[in-house]
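# Observations on the three-dimensional arrangement
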Amino acid sequence: TYGNGMLLSTGTSLANIKEDSTGMALVDNMSTDAIDMTAHKELALGASQDAEYSGNIIVGTNQAYRFAAMNGATLTLNSSLASEHDVIVDGQGLSGGTVVLGGASAVNGTVTVMGHKDGRDGDVTLGFAADDALSAAAAVHVEKGGIVDVGNTTQTLNVKDPVTETFQRPEDNV
């Protein structure tokens, strides 16, 4: 169910999850196991408590990387994200989570940050731990409930529809 999660511990397989499932597969802290999401196109990797993930995330052709976090949790992704995929950061109607791109990625598709896929309440933040975490070619869309926080990093963001975007600078956090 959308907005609910299941913990993926080390060695846990997605094989027992229906392919059309939505919601979050919660990752363990410092997990390095590869996660194959090709059969789960609507399922997001997420966190309900602070977690760091550095394993390989496998997605299929024309499939987006999907990430989520909730309840004040931060999911830091130190994984390499391939250029030919979009990224969707979705609060799934829940509040207060942050997804951080921990290093530079090759993503040059569309990056969407939103509180809920259907426009309902919820919020989530996309943050960055490294300069140039996204390719300058990536088209960044921030929808209702989405926040982009560049923190103390330098980003070149190709922002679409800037009137509706929510961005934070370090001085906004004072």
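Scroll up to find the structure.
Below is a short write-up of the structure. As the structure is a computational prediction, the values presented were derived from the model and not from experiment.

The rules we used
- Residues numbered from 1 in each chain as written.
- Predicted model: local features only at pLDDT ≥ 70, side-chain atom pairs only at ≥ 80, totals over all residues.
- Heavy atoms only, no water.
- Helix = DSSP H or I, 4+ residues; strand = E, 2+ residues; numbered from the N terminus.
- Buried < 20%, exposed > 50% of the residue type's maximum accessible area, 1.4 Å probe, protein only.
- Pairing = 2+ DSSP bridges.
- 1 Å grid on protein atoms, 1.4 Å probe; cavity = no way out; pocket = protein on both sides within 12 Å on 5 of 7 lines; lining within 4 Å.
- Points joined across faces, edges and corners; volume = space filled by probe spheres on them.
- Nonpolar A, V, L, I, M, F, W, Y, C, P; charged D, E, K, R; others polar.
- Core = buried A, V, L, I, M, F, W, Y, C linked by side-chain atoms within 4.5 Å.
- Contact = heavy atoms within 4.5 Å.
- Salt bridge = Lys/Arg side-chain N within 4 Å of Asp/Glu carboxyl O.

## Some points on the environment of glycine 23
Residue placement: glycine 23 occurs in strand E2 (residues 23-27). In this structure glycine 23 comes out as buried when scored by relative accessible area, which is 0%.

## Let's talk about the pairing of strand E14 (residues 146-149)
Residues Gly146 and Val148 of E14 are buried on one face, and the alternating residues Ile147 and Asp149, pointing to the opposite face, are buried as well. One ladder, built from 4 bridges, connects strand E12 (residues 124-128) with E14; its direction is parallel. Across the sheet, glycine 127 pairs through a bridge with aspartate 149, a residue of E14.

## Digging into empty space enclosed by the protein
One pass over the structure, following the stated rule, counts 2 cavities of 30 Å³ or more. Empty space within the second largest cavity amounts to approximately 40 Å³. Taken together, Met37, Leu43, Leu45, Ile57, Val59, Ala64, Tyr65 and Arg66 make up the full set of residues lining the second largest cavity. Every element with two or more residues in the lining of the second largest cavity is listed here: strand E4 (43-47) and strand E7 (65-69). A class-by-class count of the residues in the lining of the second largest cavity yields 7 nonpolar, no polar and 1 charged.

## Section: the pairing of E2
Of all 5 residues in E2, 5 are buried; the element is thus mostly enclosed. Pairing of E2 with E4 involves 4 bridges; the strand directions are parallel. Paired with leucine 26 across the strands is glycine 46, a residue of E4.

## As for the nonpolar core
Core analysis: the largest hydrophobic core is formed by 37 residues, its most contacted members being Ile57 and Phe67. If near-sequence neighbours (up to four positions away) are discounted, phenylalanine 67 is found in contact with Ala44, Leu45, Ile57, Leu77, Leu81, Val87, Ile88, Val89, Asp90 and Val99. Counting residues in each nonpolar core, the second largest holds 5 residues, with Leu26, Ala44, Ala68 and Met70 among its members.

## So, the pattern of salt bridges
Evaluated as defined, the whole model comprises 1 salt bridge. A salt bridge links arginine 66 to glutamate 42; the shortest N-O distance between them is 3.4 Å. Here arginine 66 is found in strand E7, whereas its partner glutamate 42 is found in the loop between strand E3 (35-36) and E4, with 24 residues between them in sequence. With a relative accessible area of 19%, arginine 66 lands in the buried category.

## As for unusual backbone geometry
Note on backbone geometry: most residues besides glycine have negative phi, and most peptide bonds are trans. Positioned with a positive phi, asparagine 71 is a non-glycine residue whose angle comes to about 55 degrees. Position of asparagine 71 relative to the elements: it lies in the loop between E7 and strand E8 (74-77). Here the phi dihedral of aspartate 132 falls at roughly 50 degrees; this positive angle occurs in a residue that is not glycine. With respect to the secondary-structure elements, aspartate 132 resides in the loop between E12 and strand E13 (139-142). Residue aspartate 132 is classed as partly exposed on the basis of its relative accessible area, which comes to 42%.

Geometric values such as these leave the question of function open.
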